[in-house]
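For reference, the chains in residue letters:
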Amino acid sequence: MANILGRSDLQTADPEPAASNSFSRAALRPIEAGSYVDCARCRQRVKFQAKIRLMQVICNVYDQGRWVKVEHYHESCYLETDLAYGPPS
Ligand SMILES: [Zn+2]
């Protein structure tokens, strides 16, 4: 299955560098049942729906190497941010 960037080769891209926990990054994950987070862009609930397997983008936000917060986005909303924290892994 192609990912949201229309590329199917991300899984084989560079392995995560050792210092990967010190900069902002995004990850594409399935929305799980019982999710109670709001999208950082549209402020709507990132809602689990049993019939559709929706994806969310979870971003760990770092400022100058220090973790600040986690942001959640609808997959489509994250694309509208022009990949604020880089392409989701
Ligand atoms: Zn949204």
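Shown above is the structure to which this text applies.
Residues numbered from 1 in each chain as written. Predicted model: local features only at pLDDT ≥ 70, side-chain atom pairs only at ≥ 80, totals over all residues. Heavy atoms only, no water.

Considerations on the sheet that holds strand S1 (residues 25-30)
Strand order in the open sheet formed by three strands is S1-S2-S3, with antiparallel pairing between adjacent strands. On the outer flanks of this sheet lie S1 and strand S3 (66-74), each paired with one strand and no other. Averaged over neighbouring strand pairs, the angle between their axes works out to 20° when direction is ignored. (Pairing = 2+ DSSP bridges. Helix = DSSP H or I, 4+ residues; strand = E, 2+ residues; numbered from the N terminus. Axes fitted to C-alpha atoms, helices over the stretch in contact; angles between N-to-C directions.)

A word on the pairing of strand S2 (residues 55-63)
Note: S1 against S2, six bridges, orientation antiparallel. Note that in S2 the partner of Arg25 across the bridge is Asn60. What sits between the antiparallel neighbours S2 and S3 is a turn of two residues, in which Gln64 has the positive phi angle 50°.

Considerations on the coordination of the zinc ion
The protein atoms that coordinate the zinc ion are Cys39 (SG), Cys42 (SG), His74 (ND1) and Cys77 (SG), at distances of 2.0 to 2.4 Å. Taken together, the four donor atoms coordinating the zinc ion and their angles of 103 to 119° define a geometry best described as tetrahedral. Counting gaps between the donor residues of the zinc ion yields the pattern C-x2-C-x31-H-x2-C. You can see Cys39 sitting in the loop between S1 and S2 and its partner Cys77 sitting in helix H1 (residues 75-80), a full 38 residues away along the chain. (Donors = N, O, S within 2.8 Å, 3.2 Å for Na, K, Ca; no water. Tetrahedral: all angles 85-135°; square planar, octahedral: opposite > 155°, others 65-115°.)

Function cannot be read off these values alone, since they describe shape.
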